[in-house]
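Close look at the chain arrangement
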Amino acid sequence: MDAWAACEVPQLPGRGSPLRLYDTSRRAVTATAPGAVAGMYVCGITPYDATHLGHAATYLAFDLVQRVWRDAGHAVRYVQNVTDVDDPLLERAARTGEDWTDLAARETDLFRSDMTALRVLPPDEYVGAVESVPELVPAISALLESGAAYRLDDDVYFDVAATGHFGYESGYDRATMLDLFAERGGDPQRPGKRDPLDSLLWRAERPGEPSWPTSLGRGRPGWHIECSVIALNRLGMGFDVQGGGSDLVFPHHEHSAAHAEALTGAHPFARHYVHAGMIGLDGEKMSKSRGNLVLVSKLRAAGVEPMAIRLALLDGHYRADREWTGGRLPAAEERLARWRSAADRPAGPPAEPLLAALRDRLADDLDSTAAMAAVDNWAAGAGDHAGAPAIVADAVDALLGVALR
């Protein structure tokens, strides 16, 4: 599956600082220490509706990770999936009478266009669940053979006792896990499971549902194994960052890590588990199921500058849950106008202190709010350093992803 086109990223003088990120599994901000190539896997969309601002905020957070790593001298190998067959997609298609493959293709195209407009750097590999079925089946078979998985009727389930590490990523107690598992697509009440928390690896064919003929029988893969195998086969075990929204901590990321660890016998799946906060509207998390969406595509269609959308979403720490209020966009539009006006000046305050501040703030767990405040201060100043505005425009572009020219 094709991703979207990459925007050009200016090269900055010098080198950025090592990146520190909050690791969910450690419950602390820790230093990332990639080698020459940093590996990152971020869970992608289930394409049954357009990109809302909660999606966009998550992908902007990991776009900053890419930009800070690259500025620090690392190449980045970035992988993202598309869950282009799953229950929510099939349910939406059934409600609207649309073929599920047409729905998935249309919404994936819209997502690509939104990411392009927001200047999000694309993944190196963009992999759909449908195209990954041939690599998922051998992995599920291997889990069955090792005893880490078992059959229940014609379905296949993962045994959460298989690794001895289950629960380390989220740190949740069992009651919380059971509640979240039921809320987020699990089936803790199904009779016959070894443990209510065991997750579905392979769903045998049901009437009216898509399925593929495989050595496991006709069926389709579960959600969590999709990310385990796509990441393993492209990044290997122990890559640098597995990322996504905070609603993926459990069950999705906990289970996908457990699947990979059971397949390889190694631990941990990723060196850092990093999660972005939720965007709320009217006091509730913005989500497709609630229908309280502010869509990037609709803002764009209404003539909103994508860089203002980007600034509005970066104006808040990536880990913080935050509200999308009526004043966010006008404030971002005004800020963008001030920055562009300052970048158009023939001279300004020296650029070097701002470049250092941007690097330091973003390397400290992606503190975009402090980084943007530093640009505000520079734009408000006066100076006679010729060429400084051009350097600042390059820095804002390379590190914050905001085009000022």
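Use the structure listed above.
Read on for a plain summary of the structure. Since this is a predicted model, take the numbers as computed values, not measurements. (Residues numbered from 1 in each chain as written. Predicted model: local features only at pLDDT ≥ 70, side-chain atom pairs only at ≥ 80, totals over all residues. Heavy atoms only, no water.)

Moving on, we get to the pairing of strand 4 (residues 75-82). Burial analysis of strand 4 places six of its eight residues in the buried class, which makes it a mostly covered element. For strand 3 (residues 37-42) and strand 4, the ladder comprises six bridges, and the chain directions are parallel. Looking across to strand 4, one finds that V37 is bridged to A75. Of the crossover connections in this fold, the one passing from strand 3 over helix 1 (residues 53-71) to the parallel strand 4 is right-handed. The pairing of strand 4 with strand 5 (residues 125-128) spans four bridges and is classified as parallel. (Buried < 20%, exposed > 50% of the residue type's maximum accessible area, 1.4 Å probe, protein only. Helix = DSSP H or I, 4+ residues; strand = E, 2+ residues; numbered from the N terminus. Pairing = 2+ DSSP bridges. Right-handed = clockwise from strand over helix to strand, strands pointing away.)

Topologically, L64 is positioned in helix 1. Along the sequence, L64 and E131 sit 67 residues apart, while their C-alpha atoms lie 28 Å from each other. Sequence-distant contacts of L64, defined by excluding residues within four places in its chain, comprise R310, L314, L362, L366, S368, L399 and L400. (Contact = heavy atoms within 4.5 Å.)

One turn of an α-helix holds 3.6 residues; hence residues three or four places apart share an orientation. Here helix 12 (residues 368-380) is 13 residues long and its end C-alpha atoms lie 18 Å apart, about the 18 Å a rise of 1.5 Å per residue gives. S368, A371, M372, A374, V375, D376, W378 and A379 are the residues of helix 12 that are buried. Of the surrounding elements, those touching the buried residues of helix 12 are helix 1, helix 9 (306-314), helix 10 (328-343), strand 15 (347-348), helix 11 (352-363) and helix 13 (388-400). (Expected span 1.5 Å × (residues − 1).)

Moving on, we get to the nonpolar core. Counting 75 residues, the largest nonpolar core has L313, W324, W339 and L400 as the members making the most contacts within it. Among the elements that take part in this core, helix 1 stands out by supplying 11 residues, more than any other. If near-sequence neighbours (up to four positions away) are discounted, W339 is found in contact with L311, M372, V375, D376, A379, V396, L400 and L404. Ranked by size, the runner-up nonpolar core spans 33 residues in total, among them L136, A148, F158 and L180. (Core = buried A, V, L, I, M, F, W, Y, C linked by side-chain atoms within 4.5 Å.)

Once that is clear, we can look at the sheet that holds strand 5. Ordered in space as 5-4-3-10-11, the five strands form an open sheet in which the pairing is parallel. Two strands lie at the open edges of the sheet, namely strand 5 and strand 11 (270-276), each paired on one side alone. Within the sheet, the average angular offset between the axes of one strand and its neighbour, ignoring direction, is 20°. Helix 1 contacts strand 3, strand 4, strand 10 (239-245) and strand 11 of the sheet and is inclined by roughly 175° relative to strand 3. Here helix 7 (residues 249-264) sits on the sheet and contacts strand 10 and strand 11; the angle it forms with strand 10, its principal contact strand, is near 150°. (Axes fitted to C-alpha atoms, helices over the stretch in contact; angles between N-to-C directions.)

On to the packing of aromatic side chains. Across all of its chains, the model carries eight aromatic pairs by this definition. A ring pair is formed by Y59 and F111, whose centres lie 5.3 Å apart and whose planes are at 75°; its orientation type is edge-to-face. Here the residue Y59 occupies a position in helix 1, and F111 occupies one in helix 3 (residues 100-117), the gap between them amounting to 52 residues. The same class applies to Y59 as to F111, namely buried. Where F166 meets F250, the ring centres are 6.1 Å apart and the plane angle is 75°; that geometry is what we call edge-to-face. Note that F166 is positioned in the loop between strand 7 (155-158) and helix 5 (174-183) and F250 in helix 7, a separation of 84 residues in sequence. Summarising the burial analysis for this pair, F166 and F250 share the class buried. Among the aromatic residues, those joined into a ring-pair cluster are W4, Y59, F111 and Y126. (Phe/Tyr/Trp six-rings, centres within 6.5 Å; stacked < 30°, edge-to-face > 60°.)

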